[in-house]
Amino acid sequence: MKNILFIVLTFCLSAYMNAQNVTVKGRVVDDRTKNPVPGLTITIQTSEYKSDELGKFEIQVSPGDYVLTIASEDWAPYSSPIKVSEIGLDLGDIKLIAKSSETSDASGVSEINLSDADNENDKSGQNISGLLHSSNDAFVSAASYNLSTMRFNVRGYDGENFLIFMNGLPMNDPENGRASYSEWGGLNNVTKNKESQHGLAPSQFSLGTFGGETNINVCAGQIRKQNNISYAFANRSYNHRIMYTYATGMQENGWAFVLSGSKRWAEKGYVPGTSYDAYSYFVGAEKKLSDKHSLGLTFLGSPYKRAMQAAATQEAFDLAGTNYYNSNWGYQDGEVRNARIRNVHQPSIILTDNLKFSEKSKLTTSLGYSFGKFGTTRLNWYNANDPRPDYYRYLPSYTDNDTNVIQSVVDEIAYQWKNNTAINQIDWNKLYDINYLSNAAGESTRYIIEDQRKDNKQISFHTILNHELNENINITGGLMAYSSNTHAFKTIADLLGGNYWLDIDQFAERDFPDDPTILENDLNNPGRQVKEGDIFGYDYNMHCTEEMLWGLSQFKYNKLEFYVGLQGSNTSFYREGNMKNGRYPANSFGNSEKLNFLNYLAKAGVTYKINGRNYFVLNVTSFSKAPLPENSFVAVRISNRVMPDLESEKNMGGELSYIHKGEKINARLTVYESSFENQTDLKSFYLDNGNGGTYVNMIVQNIDKIHQGVEFGADVKLTKEITATGAVNIGNYLFTSRQKATISYENGATPDTTETIYSKYFFVPGPQNAGSIGLKYNNSKYWFASINFNYFDKIYLDYSPERRTENQLSYFDLTGPEDPLIHRIIDQQKLKNGYTLDLSIGKSWKIGEYYLGLNFNFNNILNNTEMVTGGYEQLRIATSVSELNKFPAKYYYGYGRTYFLMLTFRF
């Protein structure tokens, strides 16, 4: 990698670079109202500029023939050939035709559809493809919308490899590395002003990482003037949405104001037992203090409650007769009740100062504070049977494996499971009855609903200086810092008719009956009887800070452009225990050791311009990265113990692209490779090993991966009104090391053990190959339509590390390394390929001074309900050949036919 960087820089610095740049300027306006349109990205070759609050733009290019393009979510794509002379070019007003609705809605990507899985075994989090959007790039546009509904991840990366900013402030969670779209869900109209970079290329607000970065500009003066209300009806995660937005644009008095809000709700979502109740709000103001200075303040939030879906085994799906069986709910007094409710409200306040020292220098500084709650409820039980209806012992297959049970009994269990909701769903009345018996005996309640919380408070700062040194050289640098405090704990949400819950560890109580101290969750408050609203079980704070300094130098000449970027950062975090746990009395209460990681990032790239429409781009990077706090402690809920040999991961990668920007064809072909070394992960689960089982933490280290692939995307203008689109990714994402696992029994019943995981050359979970082809229609009379066929292949399921350890293999009488039984035990499951067909159509009308827009959007119109979009192998293990299918994998299936109808009124 060092040699590659040296060659690139030497080549760039030795090139012939003597062209004189000139200015191309213009103003972007609404064709109907003639109002200026701020915040749009205008592109000429590799040069980009954002239209200001007056819709104006200026771009420096060398004289020649080019194609100017403008693309956004609200406006029909615009492209025009231009000829730039030695004196520059003034384009005057460029009139854009508004689409009939937001493409983000037309695509069918639902805010909640991005994160429906949300299970403890799926660390991919929300599908980040839907967050990154570059309307100028056919592949990214397809990946963001058409492919993301089936959980396709760009280049196979998980969420921590895509950076999201808002006014330059980081939105990725410091503890898990991922950004949460739900924090601004429902604010579509005011979060469309995005600047995005795909892949390794840096931006004006970040050097980025592997996947790319997006900055959402929410300054009031950059949000286009509007006054509209919309209503949507759908059969997805929510059924109804009403949204209102009022924005003044930058007024003559130097003030701009924005007010936006929405409500989204469903009593019954697409998946049985799911409901949704969400609000969102946005208040923004910006004052133009002078022609060169403005100050903006934004306050936004998106509180929501939603009932969640559970993954299930294929046996449960088959018994239920649907691939959307959901074990999280049951009837209580005739009403549907879900045990897993996500309840979130994490508002943000952002203060942004924009200062132009001159036409060549500007400083953007943002200060932000976010706070609030993030909670998820779930059932818990003590000295009682598992209340989950699809627990493996309750399914016919468990009884069928018992040779002492006659077939008629198995058939009766299957019949009851298929037809009796007291069997195949949570029996809430039964749980209350058992708790009433416990009350009568004066004992702890048997069943409760607990609320697992992670409430975060974070203050962030980022100042970015951009200076045009001369017509060829631009320098950008930034100083970013944040301090985060996440309070992790759980409370009693509902005692389900019980009187109290005894705050002890039931596994320790079982394994150490003669030691009353080891079972205590908090030795500072032994024998505590907790009630609704009380904290119990675990309680700790995770303190994280990071300071980062970065710089980027960009050089633009006639035939060549190149850049060099460097970044240094210091990441620190520690755990603060608020309980003195009986299993770790000397290493749970108070502060852990403070972990510090100094890291670097280096990027370089070169663009060779064949002519004004064709060019090659090469980007390379090498960087180190601190381990995530959530993966750095052995038993983070109850102990300060740090993972052994904890170090920063080391990554490097490169990409080479050929890009064509023409009047009729825009296309990009990219080959890429990235490698990850020394990653860590933490998996916590109940280990059922035939000896009673207990709760364990598996620390997985020495995780190395390689992501290789080819991306291609193209827009072909067939006629003035019809455009053909195509996008394809062919990927090869592999684990390239035998990982090391440390198994820690949370109750201390067994000493820690270290094992090798035989996972080398396993595939990274998710679709590795995907493609989309389609047609778009947009005419001057404000009709808009599109149709896309999407295909997914080479899909692998997330695998259980424990199943691939030497300990697991020791349970079987293997004859040697060639024993065919080995493949039955350790081979990774490949899922079936799949496809979807999506259609959208829209129209808008002008009625006097008012505008009416109507959109119909249909996803998966062929109703393919057989495509698995996520899931995982259970972490419990088999101990004999007859038990290999005892704990089968659990899946999520993609939605079948869905629709989204929206009516918009602008006045």
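This write-up is about the structure you can find in this document.

What counts, and where the lines are drawn
- Residues numbered from 1 in each chain as written.
- Predicted model: local features only at pLDDT ≥ 70, side-chain atom pairs only at ≥ 80, totals over all residues.
- Heavy atoms only, no water.
- Helix = DSSP H or I, 4+ residues; strand = E, 2+ residues; numbered from the N terminus.
- Contact = heavy atoms within 4.5 Å.
- Polar contact = N/O pair within 3.5 Å; in protein donor to acceptor, adjacent residues only side chain to side chain.
- Phe/Tyr/Trp six-rings, centres within 6.5 Å; stacked < 30°, edge-to-face > 60°.
- Buried < 20%, exposed > 50% of the residue type's maximum accessible area, 1.4 Å probe, protein only.
- Lys NZ or Arg CZ within 6 Å of the ring centre and 35° of its normal.
- Pairing = 2+ DSSP bridges.
- Axes fitted to C-alpha atoms, helices over the stretch in contact; angles between N-to-C directions.
- 1 Å grid on protein atoms, 1.4 Å probe; cavity = no way out; pocket = protein on both sides within 12 Å on 5 of 7 lines; lining within 4 Å.
- Points joined across faces, edges and corners; volume = space filled by probe spheres on them.
- Nonpolar A, V, L, I, M, F, W, Y, C, P; charged D, E, K, R; others polar.
- Salt bridge = Lys/Arg side-chain N within 4 Å of Asp/Glu carboxyl O.
- Core = buried A, V, L, I, M, F, W, Y, C linked by side-chain atoms within 4.5 Å.

Note on placement: lysine 603 falls in strand β31 (residues 595–609). Sequence spacing of lysine 603 and tyrosine 145 is 458 residues, and the spatial spacing of their C-alpha atoms is 29 Å. In contact with lysine 603, not counting residues within four places along its chain, are Leu200, Ala201, Leu207, Gly208, Thr209, Tyr563, Val564, Gly565, Val620 and Thr621. One polar contact links the side chain of lysine 603 to the main-chain carbonyl oxygen of threonine 209, over a distance of 3.3 Å.

What follows covers the packing of aromatic side chains. The tally for this structure, following the rule as stated, stands at 36 aromatic pairs. Taking the centre distance of 6.0 Å and the plane angle of 20 degrees together, the rings of tyrosine 238 and tyrosine 276 count as stacked. In this pair, tyrosine 238 is assigned in the loop between β12 (226–234) and β13 (240–247) and tyrosine 276 in strand β15 (residues 276–290), connecting sequence segments 38 residues apart. An identical accessibility class is assigned to tyrosine 238 and tyrosine 276; each is buried. Taking the centre distance of 6.1 Å and the plane angle of 70 degrees together, the rings of tyrosine 382 and tryptophan 501 count as edge-to-face. Separated by 119 residues along the polypeptide, tyrosine 382 in the loop between β23 (373–381) and α5 (396–400) and tryptophan 501 in strand β26 (residues 501–502) bring together distant segments of the chain. The same class applies to tyrosine 382 as to tryptophan 501, namely buried. Aromatic ring contacts, followed pair by pair, group Tyr157, Phe162, Phe210, Phe623 and Phe676 into a single cluster. The side chain of arginine 155 reaches across the aromatic face of tyrosine 672, ending 4.4 Å from its centre.

Before going further, it helps to examine the sheet that holds strand β6 (residues 78–84). The 4 strands are arranged β3-β2-β5-β6 in an open sheet whose pairing can be described as antiparallel. Looking along the sheet, the strands with just one partner apiece sit at the ends: β3 (47–50) and β6. Recorded for the sheet is a direction-independent mean angle of 25 degrees between the axes of neighbouring strands. Of the strand pairs in this sheet, strand β5 (residues 64–71) and β6 are connected by 7 bridges, and their pairing is antiparallel. When the sheet's bridge partners are listed, valine 67 is paired in β6 with proline 81.

Right, let's talk about the pairing of strand β25 (residues 473–494) for a bit. Direction of pairing for strand β24 (residues 447–468) relative to β25: antiparallel, over a ladder of 20 bridges. Within β25, the residue paired with aspartate 451 across the bridge is threonine 491. Where β24 folds back onto β25 in an antiparallel hairpin, the turn is made up of 4 residues. Of the strand pairs in this sheet, β25 and strand β28 (residues 535–556) are connected by 19 bridges, and their pairing is antiparallel.

Attention now moves to empty space enclosed by the protein. Scanning the model with the defined rule gives 16 cavities of 30 Å³ or more in all. Taken as a whole, the second largest cavity spans an internal volume of roughly 650 Å³. Lining the second largest cavity are 39 residues, with Leu163, Tyr482, Glu546, Met548 and Lys625 positioned closest to its centre. Where the lining of the second largest cavity is concerned, the elements lending two or more residues are β8 (162–166), β24, β25, β28, β29 (560–577), β31 and β32 (614–625). Its residues placed into classes, the lining of the second largest cavity shows 21 nonpolar, 14 polar and 4 charged.

Here threonine 463 lies in strand β24. Since its relative accessible area comes to 17%, threonine 463 is described here as buried. For threonine 463, the side chain forms a polar contact with the side chain of threonine 365, separated by 2.8 Å. If we skip the residues at most four places from it in the chain, threonine 463 touches Leu363, Thr364, Thr365, Gly477, Gly478 and Leu479.

Turning next to the pattern of salt bridges. All told, the structure shown has 24 salt bridges when counted by the stated rule. Between arginine 453 and aspartate 451 there is a salt bridge, with the nearest N and O atoms lying 3.9 Å from each other. Aspartate 451 shares its class with arginine 453; the two are buried. Within the structure, one salt-bridge network assembled from shared partners comprises Asp137, Arg155, Glu655, Arg668 and Glu711.

Further remarks concern the nonpolar core. Membership of the largest hydrophobic core comes to 44 residues, with the highest contact counts inside it found for Phe152, Phe792 and Tyr891. Going through the elements one at a time, α3 (138–144), β8, α4 (314–320), α6 (407–419), β28, β40 (783–796) and β45 (890–893) are the ones with two or more residues in this core. Residue contributions to this core peak at 4 residues, all from α3. Those residues within four positions of phenylalanine 792 in sequence are excluded, and the remaining contacts are Asn146, Leu147, Met150, Phe152, Asn769, Ala770, Asn833, Gly834, Tyr835, Thr836 and Met867. Listed in part, the 20 residues of the second largest apolar core include Tyr181, Trp184, Val190 and Ile350.

Further remarks concern the sheet that holds strand β10 (residues 194–198). Judged by pairing direction, the sheet is mixed, and its 4 strands sit side by side in the order β9-β8-β11-β10 without closing on themselves. With one partner strand each, in any of the chains shown, β9 (169–170) and β10 form the two edges of the open sheet. Here β8 runs beside β9; their pairing, made up of 2 bridges, is antiparallel. What sits directly across from methionine 166, in β9, is leucine 169.

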